[in-house]
Every structure is written in structure tokens, then in C-alpha cells.
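# Residue-level structure breakdown
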Amino acid sequence: MSTELAIEPFDESEDELRAILLDADLPALLPALAQLTGDFSLLDEELRPPLRPMTAAVEPQGGMTPAAQEKARELALAALIGFRDSGYRAGEEPNPEQLTLLAEFITGVTPGEYRPLLSHELGLPTDMGLPLWNKNDIAPDRDFRVIVIGAGQSGLVASHRMAQAGVEFIVLEKNADIGGTWYENTYPGCRLDTSNFAYSYSFAQKTDWKEQFSSRGPIFNYFSDVADKFGLRKYIRFETEVISAVFDETRDMWVVTSRNLIDGTEHVDEANAVITAVGQLNRPNIPDIAGIDTFEGPAFHTARWRHDVDLTGKRVAVVGTGASAFQVIPSIVDEVSDMTVFQRTPPWMQPTPTYHSPISPGLRWLFDHVPYYNRWFRFYQFWISVEGRRPVMVVDPEWKHEVSISPMNEEFRQYLLGHLEKTYADRPDLLEKVTPHYTPGAKRMMRDNGVYPAALKRDHVHLETTAITEITPTGIRTADGVLHEVDVIVFATGFKASEFLAPMTFTGRGGIDIHEQWDGEARAYMGIHVPNFPNLFIILGPNTNLVINGSILLFSELATNYILECFKYLLEDDMSTVEIRQDVHDEFNAKVDVASRGMAWGASTVNSWYKNASGRVSQVWPYQLVDYWDLT
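As the structure is a prediction and not an experimental result, all values here were calculated from the model. Along each chain, residue indices are assigned from 1 in the same order as the chain's sequence is written. The model is predicted, so local features are restricted to residues of pLDDT at least 70 and side-chain atom pairs to those at 80 or more, both for listing and for counting; the totals for chains, interfaces and linings are taken over all residues. Calculation of side-chain values draws on the structure's entire complement of heavy atoms; hydrogens and water are dropped beforehand.

## Some details on the pairing of strand β6 (residues 266-271)
Taken together, the six bridges between strand β5 (residues 253-260) and β6 define a ladder with antiparallel strand orientation. Its bridge partner lying in β6, V255 is registered against E270. Note on pairing: DSSP must find at least two bridges between two strands before they are called paired. Per the convention used, a helix needs a DSSP run of H or I reaching at least four residues, while a strand needs a run of E reaching at least two, with both numbered from the N terminus. The hairpin turn running from β5 into β6, its antiparallel successor, is five residues long, and G264 in that turn takes a positive phi close to 80 degrees.

And the structure:
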């Protein structure tokens, strides 16, 4: 086995091991034990997880029958006991063919076109994103420097890969620490709504998560630990805000001006290339409401939470019912004396009973004692999300319905409606208000474990669906003329997602400003390249966000891998710049627009942060996950 293998001995009895296995995720455990012991008979065809289409609830154990689960646990028990009694003797490192067998078992398909992508995510036998070149080997005498803007999750992976490749770089970060959105968002209840196993780097996998959907603290700590483990902080200039970047055509260099946020001094750096790693959800959206500046009490956005404001006994307004509101409202409902929630559009709620639950003791034990089990568990979480519910969100042109877009989408809608009706059976007045009248998938769905509906049902909580017309010194007035008097206003109103790279100024060839070129319609080839802006690379640029399938960290890794290959090309061939052709860029974006109109979020007219001011979908990736792998 690999030198990475670490064995933690165990002395649990057979009965204790049986109890532990009741908590096991079996589709991932069997290949992990097969790899550990070298016993591939564990991959019994009868135990292959069915992996049915994810149209409604995610089935336990991948849809394995009770009989198959019982047999799998017996085989796993025998393997664990045999491993212990052999003195923890592991099998040989699996060869590529054996790894393919393991992947075939857990996915239910011959990997085929997915094989490289699956190997990348599994991280076996090696880190596939590791640059297989070093600047000192291919261009030792050439000066080549890169500036990275942002030290969130994308900035960290870019930094890690460039450090591995021996590329000189610095990172300019406006905050006082790493983490990006996980540094800035500290509101009560802040947590992931995707599995933290998938929300982690392929090259920095973690075994000791305490929850499936981690709260803000552990996620921030994870990124902080990554920065420390790989020695990335030494490259970062904190509390430094980028003002502008200008491409000097006479020297093929970028000139970047930044401001120190402590003393206000400006600094100029030059680089051969610039990587923007600022993400899409980093600039709070404060709604343009008449009188907003007249309110006499505290008013703040969830991403700029005022921890100095004591909400105890206060009358609080929460504007918005998106992801942050779903988390904030149950977290503060017991503190406030009165709460009014202002809803514009109700979100669909996806039943997730374990959303706040800790990872079970048995599963944690298996992570600790079965080497690589965490990798296979993460891999399985990734695989079931590769397509996720994407097929449910694809428009069927033959399907004619006033709300849904396909038979599968309608099945899913009926499932979600049934959940709402059951949840609000005791409050028909609320049920009418919280029931969406648009297709599922057109907006971000919320994870529901019951705490948000319970908060809305409290006697001192009021759900207001009448439009807001103005804010007064003492409260919020709605279109029916009612003044809702409050002491504190919390804006849970999302981010300016479509305003890419704002408020920074980027000037490319011929003095063109990137925002003028976009004119409100941000576009890029693969989300990375913009015509007229040589050696400017964007991570998580236009049309690269993921909302119902895959991992956004994977997209950051793939974009970074691609960017590093561009650097290799420039250095090996002694080229100065790489730039996307306008025709290639335009053809790509035309296809993206067509694909977006074939998805729920593009076909629906409901408002969402997926779209820009003109209604074009400018944030979301409309294709399969493997398509981005192939492109990059």
C-alpha cells in the first residue's frame, strides 16, 4: 500500500463491530475494504448500488435492498475481523485495472469518459492535479510572475498549484485572513448546504468532519488548515484591495494597483499574468428601497453581520427568504420579541432530515480505522452528485405544463408539494404563502430539516408577502400601506452575482475597460478567458457556478489545472501571452445560451441570482460536469 496508509489498531468485539457497521455507508465501504485487504470478492455483483435517477428523495445505501445490506455488512464484518487478526496486513497497492473495477462497482457503470475525472476526485493512486512540470526545469532563466486576486477557496488552490510548479506569485487579499466567503459570512446558523466531503479539495481530503453539512467554523478552519499545511500564507498580502489592473501592450505586462486598507497607501505591482479568484458571491446586494438610509435602528446584510447588535427582546425584520434567511431565522427566533419575514418569492424546500445532524459514531469510527474509506465515501458523494438532479432540470420540448418542464420535473414537483403540504398541514395560511408557483430548479432550493417551518409557525413570527414600498425611520412599509415597526433590519438579500470583477477596473488591449466591453453581459470562454485581455485568467467566471450537480471546488481545481497548462505552454514555447479568439469565445457563449434555455433556470421567468439584469443566465453551468473536465 501507499506510504500514506496509517493503521489505527482496534479491539472492538464482534458485536461492537456489528453495531458500528449499522452506521456504515455500504456502497463506499465495500470498495474501501477491497482496496485495503486486496480481497476483490467483496465486490459482489448482487451488492452493487442501483443508483436510480435522483428524482425525489436520495435513497439510503444507494437503493440497496435490505437483503443486500445485510449481506454487505456480513462481508464487511468478516473483512474487518480478518484484517485485525492478520496483524493489520494490507493488500498490494491496486493497479489501474483494479482501481477501475473498484470505481465500476461504486458507480454502476464502466467509467469510460469519466475515468480521468473519477481518478482526479478519488485522488488515487496520486494527486492528478499535481503539475508534472517545474519552471526551473523548462524556463529557468525567464522572469515570469503571477498576481492572484483573492485568497478564498479558488485563490488557495491556484496558489498551491503554482507553488508546486515553481512559479513566482503573490496573492492580494482584501480581508485580514484567508477564506473568502467563509471569512466574511459569520451570521448565526451559517453553514454549507452541500456535503462538506464534496466541498473539499481532491488533494486535501479530510477524515474527521463532525457533520455532513458543516457549519461555518469547521469550513473556515479547513481552508485555514490547508493554507498552513501547504505554506501558502507567506505568499499573501492581506488587507490589500485591488483597485485596477492595466495591460501594458508595449511590454506584455499587467500593472496592478492596490490599496492597503490599514493605512490607505497605494502600491503598484507588475506581473506577466493575473488570476482573479474573487468568486461570484462576494459583494452583498442591498436592495434599492426608498428611504433605506432613513432607518434609525441597526440595518445590515447577513454577510456583514453586526455582532455588536444584541437582538434580545428586539423587533426584527428579515428581508428575504433565500439560503442565508433559511439559516438565520431559526437561529435568532428565540432571541427576538417579534420577527417579520418579508418574502418576495418562496423557495422550494428539499427535505434533508440530517441537515444539522452530526456524523454517526459508527461512521466516524470507520473513517478512523479503515484507511481510504473517507476517500471512497467522498468519491461516492461526488458520484451521486455528478449528474445529481440535473436530468430533472432539463426541459422536455414535448412536455406541455404551466409549471413543470418535463415528466421527471413534474414528479419531483409533486414530491416537493407533498412535503410542503405535510409540513404545513397545521398552518394552511402559511402553506398558501410558502408554496412556489414556478418549476423546481429555477431558483436555488433550500435544505429543510424542519427548523425553518417551525420558526415561521412561532406566535411572534409573521410572514409578510406584500411588496415593500419604502423604509421609514421606524420600520418597513408595504404596498398595502401598513407600516411594520421594527428595531433592527436584516437584509438576507444575496449578492451581486452577475457583476463580475466589480468594483475593480481591468483595462486590456487598446485601453478597453472590461466592464464597458461586457456592458452588463459578462461572458468568458470556459469562464476563464475574455477577448482583448491577454494573460488574464478568471476562476469561477461567467457561467461556471454549479447549483444542482457536482462540486464548485472541483471547478476551481479544473480551471486552475488548465491555467497552469497555459503557463507551461508560454514558458516552454517562449511565448509572452495567451488570448482567446473572439470567434471561438462567441461560438462558445452562443452554445451556452442555448443550453441554458434548455434548463429549468433558463426556461423559467422567475427572478433568481442565476440571471443578470437583462434576464440572461450568466452564472450557472448548463452542461454535464464531465464537459468542463473535457474543456479544461
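So that's the structure; there's more coming.
## Things to note about the pairing of strand β9 (residues 315-319)
Strand residues, when the strand is regular, have side chains that alternate between the two faces of the sheet. Most of β9 is tucked away: four of the five residues are buried. Relative to strand β10 (residues 338-342), β9 runs parallel, the two being bridged by five bridges. When the bridges of β10 are listed, V318 appears paired with V341. With helix α10 (residues 323-332) bridging β9 and its parallel neighbour β10, the resulting β-α-β unit is right-handed. Pairing analysis gives four bridges linking β9 to strand β17 (residues 488-491), with the strands arranged parallel. Paired with A317 across the strands is I489, a residue of β17. Working definition: with a 1.4 Å probe on protein chains only, accessible area under 20% of the residue-type maximum means buried, over 50% means exposed, and in between means partly exposed. Handedness of a crossover is defined as follows: with both strands directed away from the viewer, a clockwise route from the first strand across the helix to the second makes it right-handed.

## Notes on the packing of helix α5 (residues 115-122) against helix α12 (residues 373-386)
Between N-to-C directions, angles span 0 to 180 degrees; the directions come from axes that are lines fitted to C-alpha atoms, helices contributing only their stretch in contact. Running from amino to carboxyl end, α5 crosses α12 at an angle of 135 degrees, the nearest separation of the two axes being 9 Å. Classified by the angle between their axes, α5 and α12 sit oblique to one another. With respect to the hand of their crossing, α5 and α12 are arranged in right-handed fashion. In this structure, α5 uses L117, L118, E121 and L122 to contact α12, whose residues at the interface are R375, W376, R378, F379, F382 and W383. Roughly parallel covers angles under 35 degrees, roughly antiparallel covers those over 145, roughly perpendicular covers 65 to 115, and oblique covers all other angles. Crossing handedness is read from the near helix: turned anticlockwise from the far helix by less than a right angle, it gives a left-handed crossing, and turned clockwise, a right-handed one. By definition in these notes, contact holds between two residues if any of their heavy atoms fall within 4.5 Å.

## Section: the sheet that holds strand β13 (residues 461-464)
Spatially, β8-β17-β9-β10-β13 is the arrangement adopted by the five strands of the open sheet, whose pairing is parallel. Looking at which strands have only one partner, the edges of the open sheet turn out to be β8 (299-301) and β13. Strand-to-strand, the axes of this sheet are offset by a mean angle of 20 degrees, without reference to chain direction.

## Quick notes on the packing of aromatic side chains
Geometrically, a pair of aromatic rings is defined through the distance of the ring centres and the angle of the planes. Stacked, tilted and edge-to-face pairs are distinguished by plane angle, under 30 degrees for stacked and over 60 for edge-to-face with tilted covering the rest, among Phe, Tyr and Trp rings (Trp via its six-membered ring) whose centres lie within 6.5 Å. Overall, the coordinates contain 35 aromatic pairs when judged by the stated rule. Aromatic side chains W348 and Y438 sit 6.4 Å apart centroid to centroid with 75 degrees between the ring planes, which places their arrangement in the edge-to-face category. Of the two residues, W348 is situated in the loop between β10 and β11 (349-351) and Y438 in the loop between α14 (428-434) and β12 (446-448); the sequence distance between them amounts to 90 residues. Both residues of the pair, W348 and Y438, count as buried. Grouping aromatic residues by their ring pairs yields a cluster made of W182, Y199, Y201, F203, W209, Y222, F223 and F230. Charge-over-ring contacts are defined here by two conditions on Lys NZ or Arg CZ: a distance within 6 Å of the ring centre and an angle within 35 degrees of the ring normal. Directly above the aromatic system of Y355 lies the positively charged group of R191, at a separation of 5.7 Å from the ring centroid. Just above the ring of W209 sits the side chain of K206; from NZ or CZ to the centre is 5.1 Å.

Remember, this is a structural readout, not a statement about activity or role.
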